[in-house]
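Residue-level structural notes
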Amino acid sequence: MKAHDGMYIGGAWVPPAGDAGTIAVVNPADEEIIAHVPAGTAQDVDAAVRAARAALPGWAATAPAERAAAIAALRDVLAARSDEIAETVTAELGAPLALSRKVHVGMPIVVAGSYAELAATYSFEEKAGNSTILLEPVGVVGAITPWNYPLHQVVAKVAPALAAGCTVVLKPAEDTPLTAQLFAEAAHEAGLPAGVFNLVTGLGPVAGQALAEHEGVDLVSFTGSTAVGRKIGALAGGAVKRVALELGGKSANVILESADLAKAVGVGVANVMSNSGQTCSAWTRMLVHRDRYDEAVSLAAQAVAAYVPGERVGPLVNAKQQERVRGYIEQGVAEGARIVAGGPEVPLDKGYYVRPTVFADVTPGMTIAQEEIFGPVLSILRYEDEDDALRIANGTVYGLAGAVWAGDEAEAVAFARRMDTGQVDINGGRFNPLAPFGGYKQSGVGRELGEHGLAEYLQTKSLQF
Ligand code: NAD
């Protein structure tokens, strides 16, 4: 596959500053190396941050309508190149092409469009009594993204940052740098001024850490594991810089007694299996009333049969994630959960595939009910009554997403209000690019998407009259 051998800094592809070698990009579906990208160092990060700082005064001073037009142009380039981007996501992440087209490319195009509109309509000035409040860009943003939604995670940070008037340095995940390079090409083609967007590929503990630590970065926006998020939060706290963290989840799909069980189970299984379970907001715990439990388990086992590895379900992103997920499945068995579909065996000779797995008889204290597995693994838990369901739903360190199903919408909403989580879909509610996304508890700090996502990149100044 086509790859750049440099970094995108100050509006041009430039050779890496150091000699840290390259990172091999592997297709997880067949384990073949498809490209190499440069492994950036602290020197590359420094050059990129300088370029972003130099571009900041000019970009921050542009009229919102001009920034809106630039984001709309970027959206249009992404849309025009969507086939190429989808093929690249499939090659480096392993997602089936239909999923890449619809979700991995379709969703970020919608999100970019939403920020083109918001930049044009948002009020960057407010009045309060005898004050005028100016909402000004935070400054230079260091964006560190994961591999699970390679384009979406980039757009969900870069589009609002640009809308706010910030400039950006992106360090994408080492598993999916090719999609990030295509994004940089799109930013260039859309005519973003030099230095407004910069890309440094490289390893997390090297380039990522250098970016998080750099004193020229005013805000670090990170999405990924809780372990790394903690480190970045501590670093940012020490340096008194802003930080946004989108971390893991263990979201509950609560099926109340009055719900349409077949629909709730079917949508719930699809939600977990999509993207091979590599979704931080996936509803990986299904909570079912004891009277309907056995029926739900057999419905889930039937539903998961449609998710054939290599066809409807792609591989995991790399061998390490495959081993990690298989380890969790073995641990579930060891702790007494009952496998009703799938299991730890590798389903195909080639590729980092895992069998889509459904566990029954999962109790709230089990490891598979507490930790983020990040694979196609669903745990079904039994509850006695609504208070018990709420205790279980709220009984993890996470609080990113969730779902409630009930015969009556008001009943579902009443339950959702009591959940400690950042998003809840009511009876299968649709994705909304304007809905703030982010965590309660250890799922993170801050929000992405919509106006709340834009506000992350703004700071306020009050003028008194
Ligand atoms: P990770 O947190 O290591 O990687 C995410 C990003 O952080 C990558 O760009 C990486 O290069 C960078 N990074 C790593 N170490 C860093 C450091 N010390 N300083 C700065 N940046 C650093 O995640 P992973 O190892 O790819 O995945 C492990 C687990 O994380 C998964 O199994 C899953 O549970 C979770 N995860 C969550 C999300 C999410 O969307 N919330 C996404 C990916 C992974």
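Below, the structure is looked at part by part.

Turning our eyes to something else, we now look at a negative patch on the surface. A surface patch of negative charge is lined by Glu257, Asp291, Asp385 and Glu386. Within the secondary structure, Asp385 sits in the loop between strand S16 (377-383) and helix H13 (386-393). Of the residues examined, Asp385 reaches a relative accessible area of 40% and is grouped as partly exposed.

Turning our eyes to something else, we now look at the site of the ligand. In the region of the ligand, 27 residues are neighbours, and Trp147, Lys171, Glu174, Ser225 and Arg324 sit closest. Between the ligand and Thr145 there is a distance of 2.8 Å, counted from an oxygen atom to a backbone nitrogen or oxygen. Here an oxygen atom of the ligand sits 2.7 Å away from a polar atom, N or O, in the side chain of Lys171. A total of 820 Å² of accessible area belongs to the ligand in isolation, and the protein chains cover 91% of it. Of all elements in the fold, only helix H7 (204-213), strand S10 (219-223), helix H8 (226-239) and helix H11 (319-334) reach the threshold of two or more residues within the shell around the ligand. Here the shell around the ligand takes four residues from H7, the largest share from any one element. Partitioning the shell around the ligand into residue classes produces twelve nonpolar, ten polar and five charged. Domain assignment of the residues forming the shell around the ligand places at least three in each of domain 1 (7-247 + 443-464) and domain 2 (252-433).

Tallying each qualifying case throughout the model produces 20 salt bridges. In this structure, Arg81 and Glu84 form a salt bridge, with 3.0 Å as the shortest nitrogen-oxygen distance. Residue Arg81 is classed as buried on the basis of its relative accessible area, which comes to 15%. One connected set of salt bridges, linked through shared partners, spans Lys2, Arg81, Glu84, Glu185 and Glu189.

Let us look at the nonpolar core. If you look at the biggest cluster of nonpolar residues, it comprises 69 residues, and the most contacted ones within it are Leu162, Phe183 and Phe197. By residue number, the principal contributor to this core is helix H4 (residues 97-121), which donates ten residues. Per-domain counts for this core show at least three residues from each of domain 1 (7-247 + 443-464) and domain 2 (252-433). Once residues within four sequence positions are removed from consideration, Leu162 is found in contact with Trp59, Arg67, Ile71, Leu74, Val168, Leu192 and Val196. One finds Ile329, Ile368, Ala389 and Ala412 within the second-largest nonpolar core, a separate group that totals 29 residues.

Basis of the calculations
- Counting restarts for each chain, with residues numbered from 1 along the sequence as it is written.
- Thresholds applied to this predicted model are a pLDDT of at least 70 for local features of residues and 80 or more for the giving and counting of side-chain atom pairs; totals over whole chains, interfaces and linings are not thresholded and use all residues.
- Just so you know, side-chain values use all the structure's heavy atoms and leave hydrogens and water out.
- Residues with no salt bridge and a relative accessible area higher than 30% make up the patches, which join like charges within 9 Å and nonpolar side chains (Val, Leu, Ile, Met, Phe, Trp, Tyr) within 5 Å.
- Computed with a 1.4 Å probe, the accessible areas rest on the Shrake-Rupley method; for each residue, only the protein chains presented here act as cover.
- Between Lys or Arg on one side and Asp or Glu on the other, a salt bridge is scored when a side-chain nitrogen of the former is within 4 Å of a carboxyl oxygen of the latter.
- In this tally, Lys and Arg are treated as positive and Asp and Glu as negative; His is ignored, and so are the chain termini.
- One atom stands in for each charge, and that atom is NZ of Lys, CZ of Arg, CG of Asp or CD of Glu.
- Counting from the N terminus, the helices are the DSSP runs of H or I reaching at least four residues and the strands are the DSSP runs of E reaching at least two.
- Throughout, exposure labels follow a simple rule: accessible area from a 1.4 Å probe, protein chains only, divided by the maximum for the residue type, with under 20% read as buried, over 50% as exposed, and the rest as partly exposed.
- Residues are counted as near a molecule or strand when any one of their heavy atoms sits within 4 Å of it.
- Whenever two N or O atoms come within 3.5 Å, that pair is a polar contact, provided that in protein one can donate a hydrogen and the other can accept it, and provided that, for residues adjacent in sequence, both atoms are side-chain atoms.
- We call Asp, Glu, Lys and Arg charged. Ala, Val, Leu, Ile, Met, Phe, Trp, Tyr, Cys and Pro are nonpolar, and the rest, Gly among them, are polar.
- Note that the domain bounds were set by an automatic or database domain assignment.
- The criterion is simple. A nonpolar core is a set of buried Ala, Val, Leu, Ile, Met, Phe, Trp, Tyr and Cys residues joined through side-chain atoms within 4.5 Å.
- By definition, residues are in contact when any of their heavy atoms lie within 4.5 Å.

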